[in-house]
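# Observations on chain architecture
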Amino acid sequence: MRLSLTNAIKLKAKAPPLLLHHSSLPIAKSTLAFLSVLTPSNATLSLTGRPNTLTFLPSPFLRCRAAMATAACVEVKERIELTETEKKIFDRLLNTLRHFNLQTQLRVAGGWVRDKLLGKECYDIDIALDNMLGSEFVDKVQEYLSSTGEVAQGLAVIPSNPEQSKHLETARMRLFDLWIDFVNLRCEDYSENSRIPTMKFGTAEEDAYRRDLTINSLFYNINTNLVEDFTKRGLEDLKFGRIVTPLPPKATFLDDPLRVLRAIRFGARFDFTLDEELKKAAACDDVKTALAAKISRERIGTEIDLMISGNQPVKAIDYICDLTLFWVVFSLPPKVEPAVSDECYRLSAAYLDASWQLIQLIGCSNFNDEQRRLCLYSAVFLPLCCATYKDRKDKMYIFRDSLKRKASDADTVINVHKSLEKFLSLIPYILSNEDDVQITEVDWGKEFVDVPVTSKLRVLTGFLLREIKDFWRVALLVSTLLYPTNIDCSKDIMDKNFQLDKRKGIFVSVENAIVKLGLEKVWDLKPLVNGKGLGNGNKRLSHGSWHTLPGLQRNALIG
């Protein structure tokens, strides 16, 4: 019988949490001095009146154990330094406790604690309450503020929505231009076929152990100015850059398989190492089956989108490939034409790597966040861009239906892929600045047959850019990965022989030529003459001339 999170916690030794505090140090109230938690021989009994807690002698940084001397250490801040806004917010909350004589413990949970210890600013403050609901406490805060002449900038209650990972009601309050979330501490139990747990009030220790990773299980106790590590390894794992689950990883992932993707995302984001037992669990068939069966495509898509939009998208997808999760995440329907090779995922990962490096080399300023994100999606799905399905002739079934991303994303990636053939046919002429464009392998449409030779390159390029608009640089970058077309570049790409300088040169040359032609924003240009005006004002046009009307819009391009 599978071990539930709650039962596993009960089997843990009831040792006290590791605490970091400043009660014996002359430092400001708004900061938190670190005390070593890695050298138990330094431990002394706390005299603060809180039984069964340990404090430790101060050290400037958390020290690495001798046995782990070869492991890379992450610099963890000596103290949590509160911003002026955070001081004001926490003071208001503590004053509320005093005003109503409440015995409630206020703990900031999860990501805020982790990020502050890493020296990163975080504006996502989630406060866990030990003996009341978030909505009840928010009412108290509002009442206290009213008594002092202050008012909250905003109030909201978010109902529980398990399908969107909101397992309990969350109350929100806006203070000093920041939204603060309030929820009670909880423990949870999972059924066999659902990632949605049964929730109930829990202790701080139970709440810590139910979390996905040890580095996300830390609390900052506002009442005591302590960082609390109830798993007794969260701080150490943060220090050594390790991604570890608080409880055995297989049981953790079977309870909520989405945690596999969250572990990958955080591992990539912080460049941390995935624990070996975690990797074994993530790659096992039971967990892969549970991920496919229990997690909605929307939730999988959200995690992948966060990875692609993050600072280490290549590392994230490499983890997915290494753990043999690619076809679980990017699932294919039963019938695909042409058949997709099982090794196709390696080419997808390689195209992503090449695109990411090329973006860095060209300069991130050439692409806004949305263009960069969809460029990377275009690269990942490039090996599948020609795949179609008998039931739905949709070339982006994976992107649109498997990941359940917004329709506009899928449309953009499809349009980028559709534009590649035309872009590849134009690149040699743009690079050579030849006017006599002889393109027979691409169907541009009958309306382009009679375009003057001297204007054909500009007209064809302009109309191509009109089709993809702001994403033409994305299409150009992806095209450079396939250029020249008479050579199969896939082997070089697979072997990581990206020839980035060469591809950057092609990109820059074509980009400069397009700008020089005055086509950079061609879709914003209005036709000098439109068909409606001619239809009303020029009755002498013969019926046979109307096939050239689309060409009349080329006036803005031909110049």
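Note: the structure precedes this text.
A brief look at the structure comes next. (Residues numbered from 1 in each chain as written. Predicted model: local features only at pLDDT ≥ 70, side-chain atom pairs only at ≥ 80, totals over all residues. Heavy atoms only, no water.)

### Let's talk about unusual backbone geometry
Most peptide bonds adopt trans geometry, and most residues besides glycine take a negative phi value. Residues Tyr-483 and Pro-484 are joined by a peptide bond in cis, for which omega reads 0 degrees. For Pro-484, the position within the fold is in the loop between α19 (472–482) and α20 (490–494). A positive phi angle, close to 50 degrees, is found at Lys-469, a residue other than glycine. Mapped onto the elements, Lys-469 comes out in the loop between α18 (453–468) and α19. The exposure class assigned to Lys-469 is partly exposed, which follows from its relative accessible area of 41%. For Gln-499, which is not a glycine, the phi torsion comes out positive at approximately 50 degrees. The topology assignment puts Gln-499 in the loop between α20 and α21 (500–516). (Helix = DSSP H or I, 4+ residues; strand = E, 2+ residues; numbered from the N terminus. Buried < 20%, exposed > 50% of the residue type's maximum accessible area, 1.4 Å probe, protein only.)

### Looking at the packing of aromatic side chains
Under the definition given, this model contains 13 aromatic pairs. Relative to Trp-112, the ring of Phe-90 has its centre 5.9 Å away and its plane inclined at 75 degrees; by these criteria the two rings are edge-to-face. Of this pair, Phe-90 sits in helix α2 (residues 84–100) while Trp-112 sits in helix α3 (residues 111–117); the two residues are 22 residues apart in sequence, bridging distant segments of the chain. Trp-112 shares its class with Phe-90; the two are buried. Between Phe-137 and Phe-182 the ring centres are 5.6 Å apart and the planes differ by 50 degrees, which places this aromatic pair in the tilted class. On the criterion of sequence distance, the pair formed by Phe-137 in helix α4 (residues 134–147) and Phe-182 in strand β10 (residues 178–184) is long-range, its members being 45 residues apart. Just as Phe-137 is buried, Phe-182 falls in that class too. (Phe/Tyr/Trp six-rings, centres within 6.5 Å; stacked < 30°, edge-to-face > 60°.)

### Section: the nonpolar core
Counting residues in hydrophobic clusters, the biggest one holds 136 residues, and the most contacted among them are Leu-93 and Phe-423. A total of 12 residues in this core trace back to one element, the largest contributor, which is helix α14 (residues 344–362). (Core = buried A, V, L, I, M, F, W, Y, C linked by side-chain atoms within 4.5 Å.)

### Brief notes about helix α11 (residues 297–309)
In this model, α11 (13 residues) spans 18 Å end to end at C-alpha, consistent with the 18 Å of a helix rising 1.5 Å per residue. Turning to α11, its buried residues are Arg-297, Arg-299, Ile-300, Gly-301, Glu-303, Ile-304, Asp-305, Met-307 and Ile-308. (Expected span 1.5 Å × (residues − 1).)

### Describing the side chain of Ser-217
Relative to the assigned elements, Ser-217 resides in the loop between α5 (204–209) and β13 (219–221). Here Ser-217 falls in the buried class, since its relative accessible area comes to 0%. Of the polar contacts made by the side chain of Ser-217, one reaches the backbone oxygen of Thr-214; its length is 2.6 Å. Not counting residues up to four positions away in its chain, the partners in contact with Ser-217 are Ala-208, Arg-211, Glu-228 and Thr-231. (Polar contact = N/O pair within 3.5 Å; in protein donor to acceptor, adjacent residues only side chain to side chain. Contact = heavy atoms within 4.5 Å.)

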